[in-house]
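Below are the chains, spelled out letter by letter.
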Amino acid sequence: MASERKSPESLRSARWFAPDDLRSFGHRSRMMQMGYAPEDFMGKPIIGILNTWSDLSPCHAHFKTRVDDVKRGVLQAGGFPVELPALAVDESFTKPTSMLYRNMLAMETEEHIRSHPIDGVVLMGGCDKTTPGLVMGALTAGVPMIFLPAGPMLRGNYAGKILGSGSDAWKFWDERRAGNISDEQWLGIEGGIARSYGTCMTMGTASTMTSIVDAMGLTLPGASSIPAPDAGHIRMSSECGRRIVDMVWEDLTPDKIVTTMAMRNAATVAMATGCSTNAVVHLLAIAGRAGVDLTLDDLDALGRTSPLIANVRPSGKDYLMEDFFYAGGLRALMVQLGDKLDLTALTVSGKSLGETLAGAEVFNDDVIRPLTNPVYKEGSLAVLRGNLCPDGAVIKPAACDPKFYNHEGPALVFDSYPELKAAIDDEDLDVTPDTVLVLRNAGPKGGPGMPEWGMLPIPKALIKQGHRDMLRLSDSRMSGTSYGACVLHVAPESYVGGPLALLRTGDIIRLDLANRRLDMLVPDDELAQRRADWVAPAPRFGRGWGWMFSQHVSQADKGCDFDYLGHDFGPVAGEPDIF
């Protein structure tokens, strides 16, 4: 970094505290009201710690005390820490979906920073939507920022077998529906699959997104791989506090880090890790905030040239995030990628990405594979287009049975999840292994919030015949811990009149993965008649946040951000008036 450092007088917080006027008198007085002496905060970087802890966020249970480790680091470096609570957006309990509130967290983050005397921020997140939400808001606010990932939980365990978050829940639920698991066994799995605080320990959306921001240069190098209960996580948290103070003095702002090369690095790493399909909407949204031109086609192109080398479930076969950490973690994976990354990209460390990878090595090359022995020859995701999804759809080829890469079958269409749920347990349902299950009205506006319903349950009739996968199609998302032949994010969504709204039960659907095509084999004149007959559904909301969300959310291919929050919509608000 440049040798010039900011002076105390140039700190953003000085606008609140330095002037000799009545307003600043009030600010200083209120700080003293809380027991702080002027020596505690005057002339020092004030570091906001945005903490997404909540009693209903098991992924962030340790944040209640981990924030003290961050504060210790800030004080050690000569800063003044202030904790600001932020929307938890937990994945487990927020309904109908946490995605309905990602943009709310982004807006809260931006306004928290802008409206308070904050010189730099530590963003404490990790559960799925907290990572993009915090980063999106902080990018727009523009002050120095560093992301502190919650870290994955310990491996699950039951009856001597290792369990993976989500992935094994789906697997054993199918077995329970088939009558193969007792109540006692089911209770044991419930208690054994999540044994500590921290995020899902599969390569689900949480570890996908923290790996992405790590590769983007927004975390301490390799921080995303450290398990939440590991003592190293405490040390990393304190180092975040120390580092953000130096970043303020260096004026190392996020616009210098989140560049086109950083976004491409992040997307490449995502593909190599076997990332969640949710990475697509979040990458596009983050790029939109950063003013970086990134499209679905760019992601598909990177996926074609970035082999999947992290043998971590659900795309991998054998290992979990704890194993990934012991094998060398994300830094080791990035070393394996070599010249597929732009190693000149700047990071929050003040060093280039290449410099931060010095000394990293792979300790288990079955967990972190070389490029010559990938888990899957291409990246985690593929983008489809066709008359069912003119603006795109997403599939995770490595996590489904290859026999579905080229498939034709009749559609079985459901207009709501309750309708689907009622049908799949009917053992007389007219369905075959070739049938394509379809759920619509589950997109950004129709869901609302594009819930994680896309791993549609296999009909009980097929479960009992021994089938565990089939082609499924929806305009919803699915959990990053999910797997199977699931086509997701169909855009435009059916709720706004996308072609999926015109599909009927019995229509033949063709998936051609090699050519990235998804089509319904219906004549154009028939589709035109159906279009003329289509009636738009009633609005989902009449007021409040849901109404606002529905009015302004973009489609999946644009990242589901609000239309007025993108980088190109208009100038960012300036500093607040202080009178």
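The structure contained in this document is the topic of the report that follows. (Residues numbered from 1 in each chain as written. Predicted model: local features only at pLDDT ≥ 70, side-chain atom pairs only at ≥ 80, totals over all residues. Heavy atoms only, no water.)

1. Things to note about the environment of Tyr 405
Within the fold, Tyr 405 resides in the loop between strand S8 (393-395) and strand S9 (406-414). Distance in space between the C-alpha atoms of Tyr 405 and Leu 511 is 6.8 Å, their sequence separation being 106 residues. Not counting chain neighbours up to four residues away, the residues in contact with Tyr 405 comprise Tyr 376, Pro 397, Ala 398, Cys 400, Leu 511, Asp 512 and Leu 513. A polar contact of 2.8 Å, which involves the side chain of Tyr 405, links it to the backbone oxygen of Pro 397. (Helix = DSSP H or I, 4+ residues; strand = E, 2+ residues; numbered from the N terminus. Contact = heavy atoms within 4.5 Å. Polar contact = N/O pair within 3.5 Å; in protein donor to acceptor, adjacent residues only side chain to side chain.)

2. Remarks on the packing of helix H9 (residues 205-215) against helix H12 (residues 278-290)
Interhelical geometry of H9 versus H12 gives an angle of 35 degrees and a closest axis separation of 10 Å. Between H9 and H12 lies a crossing of right-handed hand. For the pair H9 and H12, the contacting residues are Thr 205, Thr 208, Met 209 and Ile 212 in the first and Asn 278, Ala 279, His 282, Leu 283 and Ile 286 in the second. By residue class, the composition of the contact of H9 with H12 is five nonpolar, four polar and no charged. (Axes fitted to C-alpha atoms, helices over the stretch in contact; angles between N-to-C directions. Left-handed = near helix turned anticlockwise from the far one by under 90°. Nonpolar A, V, L, I, M, F, W, Y, C, P; charged D, E, K, R; others polar.)

3. Focus: the sheet that holds strand S12 (residues 486-487)
Each strand in a sheet pairs with another by means of backbone hydrogen bonds, the pair being arranged parallel or else antiparallel. With mixed pairing, the six strands of this open sheet are ordered in space as S12-S11-S10-S9-S13-S14. Here the strands that pair on one side only, and so sit at the sheet edges, are S12 and strand S14 (517-520). Sheet topology note: the strand S11 (residues 472-474)/S12 ladder contains two bridges and is parallel. Residue Arg 472 lies in a different strand from S12, and its bridge partner there is Cys 486. (Pairing = 2+ DSSP bridges.)

4. Section: the side chain of Asp 168
Its location among the elements puts Asp 168 in helix H7 (residues 167-177). Engagement of the side chain of Asp 168 in a polar contact is seen with the side chain of Lys 171, the distance being 3.2 Å.

5. Considerations on the sheet that holds strand S4 (residues 145-149)
Strand order across the open sheet formed by four strands is S2-S1-S3-S4, with parallel pairing between neighbours. The open sheet has two edge strands, strand S2 (80-85) and S4, and neither has a second partner. Neighbour-to-neighbour, the strand axes of the sheet open up by a mean angle of 20 degrees, direction not taken into account. This element, helix H6 (residues 130-141), spans strand S1 (46-51), strand S3 (120-125) and S4 of the sheet and lies at about 165 degrees to S3.

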